[in-house]
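Listed below are the residues making up each chain.
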Amino acid sequence: MFGDELEKRLVAGIPAQRYCHIAGGSVPSTYTPIVPISNKTLPMLELACFVEQRIWFYNYPVRFFLMDISARTTIIRLDDGGLWVHSPGPLSPELVSALNALGPVRYLVAPGNFHYLHVRDFQKAYPNAVTFLCPGIDKKAPNLPFHELLGHTAPKAWRGQIDQVHVRGAKHMTEVAFCHRDTKTLILTDLIENIGSDTPDVDWKLRFWWKRIFHMWNTPKPAPEYQLGTQDRDAIRAALQQILSWDFDRIMLAHGDLILDDAKEIACQAWSQVLSDP
Ligand SMILES: [Fe+2]
């Protein structure tokens, strides 16, 4: 159940997990995002398809500095059918059923030093999954079990399918950015947030801070924590330049509206301050 029929169902608001199950079938040579309606009609903790047969996501609520903000978990089906889970969020029985229908959960990826709180939930639900942490989480959460720290080079498990780079050099925030080659999808955590007039479920406090303090309302930019100081600007710039060298035309991000058009231009603009510094 794909293509036009799937899009009709998305627009009609039919729960996503009903049509996300893929029972075999060939992988198409080109991929088209199927979330043209942003995430406006998507309830929290409901799985939605982003790219047919390959990428899914769900949103979940987060309370941060007294602000209500949503975050996003991304799931990629690797070539062998195993699932790669980026920024694991809270789980519900319905979500577990929906994920199980997609394939075996093999890899849990905590991609940034603010995105690890629900890794335990996934570890309990999927005890055989291998956990990868962004460097820094191991010190911040020393009791969180993990198998490997992420680095500049993709581990063998997804090498050749997903590229990655560790973005370090900011004072308060660090993350590992990814690019899924086949679907040309850049997967970011906090390096770009895209919150504005079209973003659902934005409370007045978040609107105030984003408009009046951080000036990032309707303007994709790095998370405020990235803007609060740097230790190694050259390191950040080098990582951003590597990201921009990747072949991507859409951006899956953890906070705000997905970026489906002009992705590289928007990324350049969002990071212009760091990129243009001498
Ligand atoms: Fe975040």
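Before going into details, it helps to say that this report is about the structure given with it. (Residues numbered from 1 in each chain as written. Predicted model: local features only at pLDDT ≥ 70, side-chain atom pairs only at ≥ 80, totals over all residues.)

## Overview of the sheet that holds strand β3 (residues 67-77)
Keep this limit in mind: Here, a strand pair is defined by DSSP locating no fewer than two bridges between the strands. What counts as a helix is a DSSP run of H or I of at least four residues, what counts as a strand is a run of E of at least two, and both are numbered from the N terminus. Contact definition: two residues whose C-beta atoms, as placed from backbone geometry, lie within 7 Å. Structural elements are reduced to axes, namely lines fitted to C-alpha atoms, with helices fitted over the stretch in contact, and the angle between N-to-C directions of any two is expressed from 0 to 180 degrees.
Read across the sheet, seven strands follow the order β1-β2-β3-β4-β5-β6-β7 without closing on themselves; strand pairing throughout is mixed. Only two strands of the sheet have a single partner each, and these edge strands are β1 (48-51) and β7 (148-149). Bridge count between strand β2 (residues 55-64) and β3: 10 bridges; the pairing is antiparallel. Across the sheet, the residue bridging to Ile55 is Ile76, located in β3. Contacts from helix α2 (residues 93-102) reach β2, β3, β4 (83-86) and β5 (105-110), with the element oriented near 25° to β3.

## Notes on the pairing of β5
Basically, it comes down to this: For every residue, the other C-beta atoms within 10 Å of its own C-beta are counted; 20 or more classify it as buried, 12 or fewer as exposed, and values in between as partly exposed. C-beta atoms are placed from the backbone. Orient the strands so they point away from the viewer; a crossover is then right-handed if the path from the first strand over the helix to the second runs clockwise.
Burial runs high along β5: five of the six residues are buried. Two strands pair when backbone bridges link them, and β4 and β5 are joined in this way by four bridges, in the parallel orientation. Paired with Trp84 across the strands is Tyr107, a residue of β5. Considered for its hand, the β-α-β crossover made up of β4, α2 and β5 is right-handed. Handedness of the β5-helix α3 (residues 119-125)-strand β6 (residues 130-133) crossover: right-handed.

## Some remarks on the environment of Ile243
Its place among the elements puts Ile243 in helix α7 (residues 233-245). Aside from chain neighbours lying at most four places away, what touches Ile243 is Val165, Ala177 and Leu186.

## Here we look at unusual backbone geometry
Peptide bonds are trans in most cases, and residues, glycine excluded, mostly fall at negative phi. Even without a glycine there, the phi angle at Gln53 is positive, about 70°. Within the secondary structure layout, Gln53 lies in the loop between β1 and β2.

## Considering the sheet that holds strand β8 (residues 162-167)
Taken in spatial order, the four strands of this open sheet run β8-β9-β10-β11, and their pairing is mixed. Each having just a single partner strand, β8 and β11 (250-252) make up the two edges of the open sheet. Strand-to-strand, the axes of this sheet are offset by a mean angle of 20°, without reference to chain direction. Relative to strand β10 (residues 185-187), strand β9 (residues 175-180) is paired through three bridges, and the arrangement is antiparallel. In the strand pairing of β10, Phe178 is matched with Ile187.

## Observations regarding the pairing of β4
A two-sided burial pattern is seen for β4, the buried positions comprising Leu83 and Val85 on one face and Trp84 and His86 on the other. Looking at chain direction, β3 and β4 are connected through four bridges and run antiparallel. Residue pairing for β4: Thr74 is matched across the bridge by His86. The loop that links β3 with its antiparallel partner β4 comprises five residues; one of these, Gly81, has a positive phi angle of about 95°.

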